[in-house]
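# Close look at the chain arrangement
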Amino acid sequence: MEFSPQLLERAHYWMRFTRAFDDRLSALFKQGKLVGGLFSQIGHEAISVGAALALDDDDVIAPLHRDVGAYFVRGMTPARVMSQYLGRETGPSRGRDVNMHGCGDLSLNIVGFISHLPQTLPVAVGIAHAFKLKREPRVAMNFFGDGASSEGLVHEAMNWASVFRVPMIFIVENNRYAYSTPTARQMRVENIVDRAAGYGMPGVVVDGNDFFEVHETTVQVVEHARKGEGPVLIECKTMRMRGHAIHDNMSYVPKELLAEWEQRDPIARLELRLREMGLLDDAKQTELMARVVRDLDAAQAFAENAPFPDPAQLTQGIYAV
Amino acid sequence: MEFSPQLLERAHYWMRFTRAFDDRLSALFKQGKLVGGLFSQIGHEAISVGAALALDDDDVIAPLHRDVGAYFVRGMTPARVMSQYLGRETGPSRGRDVNMHGCGDLSLNIVGFISHLPQTLPVAVGIAHAFKLKREPRVAMNFFGDGASSEGLVHEAMNWASVFRVPMIFIVENNRYAYSTPTARQMRVENIVDRAAGYGMPGVVVDGNDFFEVHETTVQVVEHARKGEGPVLIECKTMRMRGHAIHDNMSYVPKELLAEWEQRDPIARLELRLREMGLLDDAKQTELMARVVRDLDAAQAFAENAPFPDPAQLTQGIYAV
Amino acid sequence: MTWDSIIQRDAPAAPSRVTVSPDGTRELTYLEAIKDALQYEMRHDPRVLMMGEDVGVFGGAFKVTQGLFEEFGEDRVIDTPMSELCMVGAATGMAFMGLRPIVEMQFADFISTGFDSIVQYAATNHYRTGSPVPWVIRAPNGGGLRGGPFHSQNPEAWFVHAPGLKVVTPATPADARGLLLSAIRDPNPVIYFEYKSLYRSVRGFVPDGEAGLVPIGRANVARAGADLSIITYGAPLHEALKAADELASENVSVEVLDLRTVKPLDVDAIYATTRKTSKVLIVHEANLTGGVGAEVAALISQHAFEHLDAPLVRLAAPDIPPPYAPVLEDASRPNKQKILDAAKKLLSF
Amino acid sequence: MTWDSIIQRDAPAAPSRVTVSPDGTRELTYLEAIKDALQYEMRHDPRVLMMGEDVGVFGGAFKVTQGLFEEFGEDRVIDTPMSELCMVGAATGMAFMGLRPIVEMQFADFISTGFDSIVQYAATNHYRTGSPVPWVIRAPNGGGLRGGPFHSQNPEAWFVHAPGLKVVTPATPADARGLLLSAIRDPNPVIYFEYKSLYRSVRGFVPDGEAGLVPIGRANVARAGADLSIITYGAPLHEALKAADELASENVSVEVLDLRTVKPLDVDAIYATTRKTSKVLIVHEANLTGGVGAEVAALISQHAFEHLDAPLVRLAAPDIPPPYAPVLEDASRPNKQKILDAAKKLLSF
Ligand SMILES: Cc1ncc(C[n+]2csc(CCOP(=O)(O)OP(=O)(O)O)c2C)c(N)n1
Ligand SMILES: Cc1ncc(C[n+]2csc(CCOP(=O)(O)OP(=O)(O)O)c2C)c(N)n1
Ligand SMILES: [Mg+2]
Ligand SMILES: [Mg+2]
């Protein structure tokens, strides 16, 4: 597959931006400006950005708590996400929902998730089902984790998608841990993708820390689904590089494992390849990093200056009218 | 494997008894003596009786609505089951629960099921888990249907059993229909057992209308589980020979399909083999059928003469004390 | 209709006897009224579709949807795998994409299997994100059919407690049709509890076409009276009306308020009847503790307290799973006699 | 302890400051009291075991179970896959085989994911079959931690409506320990709601050993008074007590009744306080409609009606998902000020 320089530049920007956004949120948390939970996605940039870039604007995406990059790629502005984290009126949930939860916007074809994992999965399947019923050439893509893969609803959703042959892409981000629980305590198989066969569905494993592999595979799979050939399960192997959330020092993770995965950092690998391809040099890197910081500062400034929700509106909006 | 004449005689008796019991209930229903739902199990005798006979008394069984034979083999008397159907105080639920629902008795190591399919599955898994924790050489066996196999809880239960390597035998009775829904609309795979691999669990398909195959396989699998080698999924291929329940004339089932399966009747096949083995002749058959009718009459007489529950006790027993 | 290559059809069911009154209303059973609403709305709004277990080829466990698969085809009357949780989630996704899905639970009892998709995702979505979730769940509710603990439940109170849902409980053919039309058109997730015991036992005149839309959230004075109010909903309405008839012959004037919607409650109607009679008996088929009756009583005792001149009495099933044995089931359900007894006791306070 | 070959341990947490009073009670936080009960019961009853997501090696999301994995090993402190529905079902199976499982929901919000196993199977089992189901579900309840719509819920009312369960809601360290011991020993399925906002914010003297068992189903007069009753449970108890303090300084004598168990309710205590003060304010953290407060109000309005001389007032969260933004969350939770306002209004009736 050909990777255009434009695409690679976009990927590079958003992966870097996502990483920086993540670091910035941690800093804000430590400054006490952000209350509630905070999930780091460090290490997941190739998956979220690589997969999201495989979709058209008309396609629907339902990302999870470690897929911040996917929201950005699909047009949810950093200013809005930052607003959500800071509980401002300008966030997509207007201060009602917390951190990445409910960070959806149907006008952008982004479906927010709820905590109850994997409750968004059947919603995405229903969206794909609607595309099939309406004969629209669109696809839906949903992310879930190795931990969530144990929940019964994953089975129902994969089976449903397969029975109705809907244009659905399932992406399981196997980052080796669900909170403190390693995959070996979550399942007795090495590959979650082994379950695809039980639904008569193709499954494929990719290196989740390799942007090129993630993107190429998702592009192919999106095409497959768009042609009406049914759902596909993609398992992205990666590693959660921080605690489950910011309060968790993850003492349960062997240090060697982290060190090993540090070597496979998706951004470092992308940048190395870009340099090899002659698309990146020090000057370009510096320029991009400066752009990232500038855009990030702007997002933060927007959010910090945004109003809090009005408590007088506390009970409004419970029903659509 | 050796099949002792005693074992075969027991199997023959209970398969015949179960079939006759089934016919008798239909007759009672038509006479208006039995109100509520009535599920026929005709065609499932080899599975329920064959699998139940593979267990020791200490093992726990959790049969379903088409496994009446398993209840009998495990010591739930026909008089009690009949009482349950007639809503009498002498049924295992004392008139609280309906037909085969909740037809359990822990003193017999039989766990009753509830309607919400497959809610009994995790209960059986927990029982097997308890055996492992208590280091008891016992196993648990649970039945479920092709329809129930689509429910998420099946996935959770199989995954759990496998992660904890508990001594659990899953038996899926694939009788080609879930109410009016054929398996082709329930799943996009030919064999449910294909899902076992996704749990790192062995799976095996058997001809559910062949007592010898069902019994031999379950005996082997029970041994495997008892040795601590973990759970196994057995798929019994069969055909539901009546409507979902007695009100259903199953016009949605092709007549040829029924005719084809009529040829594979499990009882006819057993009896043919028994004759070939020299274990059955006309006289023995006549004697057995007479015993069946006698025992059935006794059960019916017991149930019909049993008292109804006392409405004064309506609210008693909601809590254990 | 397409997935029936393997299916042999029965002779079509004989058309039900339909009487048309001079004003154009037709006499329908409760079940026919539900089906009429489904059919009407599916004919007029191409976004509307139905799904559930055995709703298509089979026409549903209670045959409510019989004939709709033939008329609208497998894309609009969808037989699903056994997956209540996924079904509701899929309905939410379809609703997001502009469709108007109606989900049939085979029995209301199985709605608990789809619980998270309902109360956590769909119910909260508009408040959290501003996106509406216009779906309807139809749930055949209640006892009286000797169904035992898992085919006789009345689980509406769980959903009344869940913010973001609407919950309707029609008791007459006209309300069954009128509320179903409103539910389908409502931009919110609506749970429509239909009463199994009324399907074929209750008939009534039902308007055709756009006439007879019944707004969600509006109770109905099913019988006006002055001495005592019975506030009820669903199947027991008919027992309450019988009791009221009998009391009328004893010169007691009973007002019967049919809530019709249990979320949001028509508080004005509740307070109005309280003010009128000052004595209130609340009746429902669901078990007592934490039931809808508790909310009604609590509202009255706070907001219409001054108008009460007797204790607020609730009559409901006891706090047990619905038992099977006819003698037990009958003892557990509110009926005319129990309503009479409770009403007389209250009247003599 | 065994599955930790791959795990690097932190230095053990510093032992918490424990003060022992002359009568042998110790001053513990609410969280320490829960852990003490777990540890005590596991030491004394080999049938007791625990399971849940991250309860073992990690010590639980709130560190309630920290150290128990090390003490009791992986067979008694079981880290499970993410499968709430299976977890509860497995607990039922274990209970059938003579064990006494305690299930931890990571947050009370996720109890809805295990709903069917709780309300359909376990709750109904004794009534239907005569076999007891002795398990406990521990569910960290409530808001105040900026957790947003899915980490702040108070779902107890759903279970109050489900026949066959017991539901407890301790608000003090002594009750937290005493009720947990009782819950573990109870032969019925008990849901134990523990309040996240109280874990480390509340301390109190707690008896050691067998002393201090608190019976399920018994309310506690947390403060005696004569002019007004506040009936509450869980975290808002502390707000109610603060409000009562403040009213005392204005010469108003408030009785605060802590229900402690919300199923079965201590109706005698509820009627007694109503008789005493004739004015009742009911307060809870869960949303209003169909909440436990509705049942309390309904009971009073039926069975203690003659003793009331003012409307029954409920103060609860509005009917919305718990919002995240601090300004919204604070506005939605009952607090001292709102209790004061409601109490004063009621007193002036
Ligand atoms: C139904 C449900 N149970 C429990 C939780 C609590 N919880 C939040 S995230 C998490 C672990 C998720 O692990 P995984 O799916 O692997 O995603 P990751 O965080 O590793 O990206 C748990 C247990 C939840 N959100 N939903
Ligand atoms: C959770 C749930 N949903 C729906 C039903 C209604 N129902 C009862 S039996 C049945 C079909 C079951 O099919 P299968 O599992 O194949 O068993 P079979 O009856 O064929 O033996 C359905 C849909 C149920 N019992 N439980
Ligand atoms: Mg993970
Ligand atoms: Mg079947």
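Parameters at a glance
Residues numbered from 1 in each chain as written. Chains lettered and ligands numbered in written order. Predicted model: local features only at pLDDT ≥ 70, side-chain atom pairs only at ≥ 80, totals over all residues. Heavy atoms only, no water. Axes fitted to C-alpha atoms, helices over the stretch in contact; angles between N-to-C directions. Helix = DSSP H or I, 4+ residues; strand = E, 2+ residues; numbered from the N terminus. Left-handed = near helix turned anticlockwise from the far one by under 90°. Contact = heavy atoms within 4.5 Å. Nonpolar A, V, L, I, M, F, W, Y, C, P; charged D, E, K, R; others polar. Near = heavy atom within 4 Å. Polar contact = N/O pair within 3.5 Å; in protein donor to acceptor, adjacent residues only side chain to side chain. Areas by Shrake-Rupley, 256 points an atom, 1.4 Å probe, with all protein chains shown as cover. Least-squares fit on C-alpha atoms with pLDDT ≥ 70 in both. Pairing = 2+ DSSP bridges. Donors = N, O, S within 2.8 Å, 3.2 Å for Na, K, Ca; no water. Buried < 20%, exposed > 50% of the residue type's maximum accessible area, 1.4 Å probe, protein only. Lys, Arg positive; Asp, Glu negative; His and termini not counted. Salt bridge = Lys/Arg side-chain N within 4 Å of Asp/Glu carboxyl O. pLDDT = per-residue confidence, 0-100. Expected span 1.5 Å × (residues − 1).

### Quick look at the packing of helix α8 (residues 267-277) of chain D against helix α9 (residues 292-303) of chain D
Residues and elements named next belong to chain D.
- For the pair α8 and α9, the least separation of the axes is 10 Å and the interaxial angle reads 65 degrees. Regarding α8 and α9, the two cross each other, and that crossing is right-handed. Residues Val267, Ile270, Tyr271 and Thr274 of α8 lie in contact with α9, whose contacting residues are Val296, Leu299, Ile300 and His303.
- Counted by class, the contact of α8 with α9 contains six nonpolar, two polar and no charged residues.

### Some details on the environment of Asp268(C)
- Mapping Asp268(C) onto the fold places it in helix α8 (residues 267-277).
- With 49 residues separating them along the chain, Asp268(C) and Ala219(C) place their C-alpha atoms 9.0 Å apart.

### Thoughts on unusual backbone geometry
- Along the chain, Leu117(B) connects to Pro118(B) via a cis peptide bond; the corresponding omega equals -10 degrees.
- Topologically, Pro118(B) is positioned in the loop between α4 (78-85) and α5 (120-133).
- Residues Lys263(D) and Pro264(D) are joined by a peptide bond in cis, for which omega reads -5 degrees.
- Relative to the helices and strands, Pro264(D) resides in the loop between β13 (261-263) and α8.
- Here Arg260(C), not a glycine, exhibits a phi torsion of approximately 65 degrees, which is positive.
- The residue Arg260(C) is located in the loop between β12 (254-258) and β13 (261-263) in this model.
- With a phi close to 65 degrees, Asn251(D) is a non-glycine residue in the positive phi region.
- Take Asn251(D): it is sitting in the loop between α7 (236-248) and β12 (254-258).

### Overview of the site of ligand 2
- If you check the shell around ligand 2, you find 21 residues, and the closest are Arg66(B), Ser115(B), Gly147(B), Tyr177(B) and Glu84(C).
- Mapping the residues near ligand 2 onto chains gives chains B and C.
- With respect to ligand 2, the backbone of Ser115(B) contributes an N or O atom lying 2.8 Å from a nitrogen atom.
- For ligand 2, an oxygen atom lies 2.8 Å from a polar atom in the backbone of Gly147(B).
- Its free accessible area being 580 Å², ligand 2 has 96% of it covered by the protein chains.

### Description of the relation of the copies chain D and chain C
- Expressed as a screw transformation, the operator carrying chain D onto chain C has a rotation angle of 180 degrees and an axial translation of 0.0 Å, and the superposed copies differ by an RMSD of 0.0 Å. Put plainly, the chains are arranged around a two-fold axis.
- Residue by residue, 100% of the interface of chain D is reproduced at the interface of chain C, so both copies engage with the same surface.

### Details of the sheet that holds strand β9 (residues 203-206) of chain D
All names here are of chain D.
- What the three strands build is an open sheet, ordered β1-β2-β9; its pairing is antiparallel. The two strands at the open ends of the sheet, each matched to only one other strand, are β1 (19-20) and β9.
- Summarising the sheet, strand β2 (residues 26-29) and β9 pair through four bridges and their orientation is antiparallel. Counted as the bridge partner of Arg26 is Val206 from β9.

### Points about the coordination of the magnesium ion (ligand 4)
Residue and element names in this part refer to chain B.
- Within the first shell, the magnesium ion (ligand 4) binds the protein through Asp146 (OD), Asn175 (OD1) and Tyr177 (O), at distances of 2.0 to 2.1 Å.
- Mapped onto the sequence, the donors of the magnesium ion (ligand 4) take the spacing D-x28-N-x1-Y. One end of the pair, Asp146, is in the loop between β2 (140-145) and α6 (152-163); the other, Asn175, is in the loop between β3 (168-174) and β4 (177-178), with 29 residues separating them in the sequence. No difference in accessibility class separates Asp146 from Asn175, as the two residues are buried.

### Here's the deal with the coordination of the magnesium ion (ligand 3)
- Around the magnesium ion (ligand 3), the protein contributes the donor atoms Asp146(A) (OD), Asn175(A) (OD1) and Tyr177(A) (O), which lie 2.0 to 2.1 Å from the metal centre.
- In primary-sequence terms, the residues that donate to the magnesium ion (ligand 3) follow D-x28-N-x1-Y.

### Remarks on the side chain of Asp22(B)
Residue and element names in this part refer to chain B.
- Its place among the elements puts Asp22 in helix α1 (residues 5-30).
- For the buried residue Asp22, which engages in no salt bridge, the nearest side chain bearing the opposite charge is Arg242, 6.1 Å off.
- At a separation of 3.3 Å, a polar atom in the side chain of Asp22 contacts the side chain of Ser40.
- Polar contacts involving the side chain of Asp22 include one to the main-chain amide nitrogen of Gln41, which spans 2.6 Å.
- With residues near it in sequence (within four places) discarded, Asp22 still touches Ser40, Gln41 and Ile42.

### Things to note about the site of ligand 1
- Lining the immediate surroundings of ligand 1 are 21 residues, of which Arg66(A), Ser115(A), Gly147(A), Tyr177(A) and Glu84(D) lie closest.
- The backbone of Gly147(A) places a nitrogen or oxygen atom 2.8 Å from an oxygen atom of ligand 1.
- One of the side-chain nitrogen or oxygen atoms of Glu84(D) is found 2.5 Å away from a nitrogen atom of ligand 1.
- Starting from 580 Å² of accessible surface for ligand 1 in isolation, the protein chains cover 96%.
- The class makeup of the residues in the shell around ligand 1 is seven nonpolar, nine polar and five charged.

### Structural notes on the pattern of salt bridges
- Within this structure, the stated rule accounts for 88 salt bridges over all chains.
- Linking Glu89(A) and Arg94(A) is a salt bridge whose minimum nitrogen-to-oxygen distance equals 2.8 Å.
- Lys242(C) is paired through a salt bridge with Glu239(C); the nearest N and O atoms lie 3.1 Å apart. Of the two residues, Lys242(C) and Glu239(C) both sit in helix α7 (residues 236-248), three residues apart, roughly one turn of that helix.

### Section: the confidence of the model for chain C
Residues and elements named next belong to chain C.
- For chain C, the mean per-residue pLDDT works out to 95, and 95% of the residues sit at or above 70.
- Counted against residues more than four places away or in other chains, residues 1-15, with its pLDDT under 50, gives 31 contacts.
- For this predicted complex, the interface score ipTM comes out at 0.97, alongside a pTM of 0.97.

### Structural notes on helix α6 (residues 173-185) of chain C
All names here are of chain C.
- Across its 13 residues, α6 extends 19 Å between first and last C-alpha, which sits within 8% of the 18 Å expected from 1.5 Å per residue.
- Burial within α6 is extensive, with eleven of its 13 residues counted as buried.
- Of the positions making up α6, those classed as buried are Pro173, Asp175, Ala176, Arg177, Gly178, Leu179, Leu180, Leu181, Ser182, Ala183 and Ile184.

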